[in-house]
Every structure is written in C-alpha cells, then in structure tokens.
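Each chain is listed here by its residues.
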Amino acid sequence: MTSLSRKNFWIIAINSLASFVMAYLFIFYLNQLSYVLTAGMYNYPLTIDYATYFFHIEPYQWTHDAVFMIFSSGYVLTFIFGVLSLLAFYQTMPDVMPIKVFFFWMIIHSSNFVFGGVMLGNLLTEGIGHVFNWMYLADTARMIISITGFFGLLMTALFSSRLVAISSNVYFEKFNERMSPFFITAQVLVPYLIGSFLLFVYFLPKNMFHERYGWIILGIMLLIFFLRSRFLEDLMFEEDDSRQIRLMKGFVVFTVIAFVSTRILLSKGIFFGWQL
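A brief structural summary. Source: prediction; values computed, not measured. (Residues numbered from 1 in each chain as written. Predicted model: local features only at pLDDT ≥ 70, side-chain atom pairs only at ≥ 80, totals over all residues. Heavy atoms only, no water.)

Judged by side-chain polarity, Val 76, Phe 79, Ile 80, Val 83, Leu 84 and Leu 87 come together as a nonpolar surface patch covering roughly 540 Å² of accessible area. For Val 76, a relative accessible area of 47% puts it in the partly exposed group. (Patch = residues over 30% accessible without salt bridge, like charges linked within 9 Å, V, L, I, M, F, W, Y side chains within 5 Å. Areas by Shrake-Rupley, 256 points an atom, 1.4 Å probe, with all protein chains shown as cover. Salt bridge = Lys/Arg side-chain N within 4 Å of Asp/Glu carboxyl O. Buried < 20%, exposed > 50% of the residue type's maximum accessible area, 1.4 Å probe, protein only.)

Moving on, we get to the side chain of Asp 49. Considering the arrangement of structural elements, one finds Asp 49 in the loop between β1 (46–48) and β2 (53–55). In this structure, Asp 49 is in contact with Phe 28, Tyr 29, Gln 32, Lys 206, Leu 266 and Gly 269, ignoring residues within four places of it in sequence. (Helix = DSSP H or I, 4+ residues; strand = E, 2+ residues; numbered from the N terminus. Contact = heavy atoms within 4.5 Å.)

So, on to the sheet that holds β1. Read from one edge to the other, the open sheet built from three strands follows the order β2-β1-β5, with strand pairing classed as antiparallel. The sheet is open, and its two edges are formed by β2 and β5 (270–272), each paired on a single side. With strand direction ignored, the average angle separating the axes of adjacent strands in the sheet is 15 degrees. The pairing of β1 with β5 spans three bridges and is classified as antiparallel. (Pairing = 2+ DSSP bridges. Axes fitted to C-alpha atoms, helices over the stretch in contact; angles between N-to-C directions.)

Here the focus is the nonpolar core. Counting residues in each nonpolar core, the largest one holds 84 residues, and the members touching the most others are Phe 55, Trp 62 and Trp 105. Within the residue set of this core, elements represented by two or more residues are α1 (6–41), β1, α2 (64–91), α3 (100–124), α5 (139–167), α6 (180–203), α7 (209–229) and α8 (249–265). Sort the elements by how many residues they give to this core and α1 lands first, with 18 residues. Excluding its chain neighbours within four sequence positions, the residues that come into contact with Phe 55 are Tyr 35, Ala 39, Tyr 44, Pro 45, Leu 46, Trp 62, Ile 70 and Phe 71. (Core = buried A, V, L, I, M, F, W, Y, C linked by side-chain atoms within 4.5 Å.)

A few words on the environment of Gln 32. Mapped onto the elements of the fold, Gln 32 is located in helix α1. For the pair Gln 32 and Thr 47, spaced 15 residues apart in the sequence, the C-alpha separation amounts to 9.9 Å. Sequence-distant contacts of Gln 32, that is, excluding residues within four places in its chain, are made with Ile 48, Asp 49, Ala 51, Thr 52 and Tyr 53.

A full pass over the atoms with the stated rule returns 30 aromatic pairs. Relative to Tyr 202, the ring of Tyr 50 has its centre 6.4 Å away and its plane inclined at 85 degrees; by these criteria the two rings are edge-to-face. Residue Tyr 50 is located in the loop between β1 and β2, and its partner Tyr 202 is located in helix α6; the two are separated by 152 residues in the primary sequence. According to the relative accessible area criterion, Tyr 50 is buried, its value standing at 3%. Members of the aromatic cluster, each reached through a chain of ring pairs, are Tyr 24, Phe 28, Tyr 29, Tyr 50, Tyr 202, Phe 203 and Phe 259. The residue whose ring lies beneath Arg 263 is Tyr 50, and the NZ or CZ to ring-centre distance is 3.7 Å. (Phe/Tyr/Trp six-rings, centres within 6.5 Å; stacked < 30°, edge-to-face > 60°. Lys NZ or Arg CZ within 6 Å of the ring centre and 35° of its normal.)

Let us look at the packing of α1 against α2. Two elements in contact, α1 and α2, have axes separated by 8 Å at closest approach and are oriented at 140 degrees. Compared by their axis directions, α1 and α2 come out oblique. Where α1 crosses over α2, the two elements pack in a sense that is right-handed. Contacts between α1 and α2 involve Phe 26, Ile 27, Leu 30, Asn 31, Ser 34, Tyr 35, Thr 38, Ala 39 and Met 41 from the former and Met 69, Ile 70, Phe 71, Ser 73, Gly 74, Tyr 75, Leu 77, Thr 78 and Phe 81 from the latter. (Parallel < 35°, antiparallel > 145°, perpendicular 65-115°, else oblique. Left-handed = near helix turned anticlockwise from the far one by under 90°.)

Moving on, we come to the packing of α1 against α6. Orientation of α1 relative to α6, taken along the N-to-C sense of each, is 45 degrees, at an axis distance of 8 Å. Here α6 runs oblique to α1, going by the angle between their axes. α6 is crossed by α1, and the crossing has right-handed handedness. Taken together, the residues of the contact of α1 with α6 sort by class into 22 nonpolar, six polar and no charged. (Nonpolar A, V, L, I, M, F, W, Y, C, P; charged D, E, K, R; others polar.)

What follows is the structure, given as structure tokens:
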C-alpha cells in the first residue's frame, strides 16, 4: 500500500498526538475549574496553577458536604464529558473528519481519570479518595470500589480497540490485518509515548496524583488494547472523495499555543479569595 508511507505515518501520529495532549489538558483544566466553582459555593479561598490547587483554610473548616462536593464534582464532570465524547464519536463515525481522533482521546483520558481515580484514589486517599475517606467506609466497601474502577478501565481498554479501527476511516477506505500495525502504532502508541513525555515535562516539578500514576494506568490499558487489536475483523468504509491523509494544521497550532500559554500564564497561580 503506497498510503502506508513514513510521511503518512507521521501525519497520522502528529494529528493524534495533538488530540492526545489537547484532550488531557481539557480534562485537567475542567477539574481545576470544578475546584474554583465548588470552593466558591463554600467561600473557601484557593489558588490554582498549571498543576496544583491549594485551599487557604484550616483543617477544622472542612465539612462533610464540602469535601464530598469539591472532590467529587470534577469526576462527575469528566464522566459526563467522556459520555458526550463517545456520543460525538459515533455521531461523526460515518464522516471522514480527523477531529473524531480528539473525541477518541477524550474517551480514553476521561475513563482513565474517572476509573483510575476511583481505583487508586480509594487506596491512596488522593483525589476522590478524600470523599471515600470521609465516608468512613469499611475495607470491604473500599475493595468493591477499587474493583469497580479496575473493571471500568478494563472494559474501556477492550472497547476502545474497536473505536480505533473505526477511526481509520478518516484516512483509509478499509481496515485490515496488513495495515493494523502501521495505523495503531501511528494513531495510538506513538502519541501515547510522546504525549506522556510532553505532559510529564508540562507538569514539572509539581506532578500531582493523576500525573504521577495516570500514564502507568493508561499504558496498561493500551497494552490490553494492543493485544486485542490483533483479533479485530476487517472493515470496509464508504468511498469519499474528501478522504485524504492530511495534517490538521489549525488544530495542531491551537494545541501548541494552548500547551505553551497555559504553562506560562498559570506558572504563578491564580488566587480566588472567596470570603469566609
């Protein structure tokens, strides 16, 4: 296949890499926004920056309702946007729109954030784990919650291989065993490796809970996904004259600007001084 060239490989990889990074930053700042809004509900002053959040209150000022709302709202919002991304992916499924790759990574990152956060946060008392800690759950309940998070990640890993195969209609008229290694490496593996490194550098030196462990969970998910992808059936797509392997220049430039500008502008942090 002449379309399976080195040039086309890197076009696909760059499009997917931009989508990988932009989807992660979207979810991260969605959660930062949730801290700002929910802290305002309880008049808790806080500071957020490119990587962290800090509440300027004393430990005794925390209440059960505040902990539940503040540390769970981001996970609820992320789950909602993950579902919306899944719907958007299927809505654009018949079209040769490269932007559906962004929806794919939104699904993956949302699942990793929510289910990975439930699984590890419950064990390490981080993120949504603060909520579980304040609920004084028995060990059995905590184990059930962690298992639920694990199975959520597993089902996403198994299901996502089908989504990647479908997304190949952006560039190709068919998906088969011959092109599978080429496409999956360009669409998934290379963006994961390079994107994880870029995000690690972005959050230095303040890598928090999800940034410390999320890439490991995502790597395991993609390993399961890669093993399953070998058994995918061949797919044939409708002919479309607009189908071509092209760089999403506007989206790539937007991602680079967002990556650099947010890191610089939020390096000092923004203080929200709600009145107690």
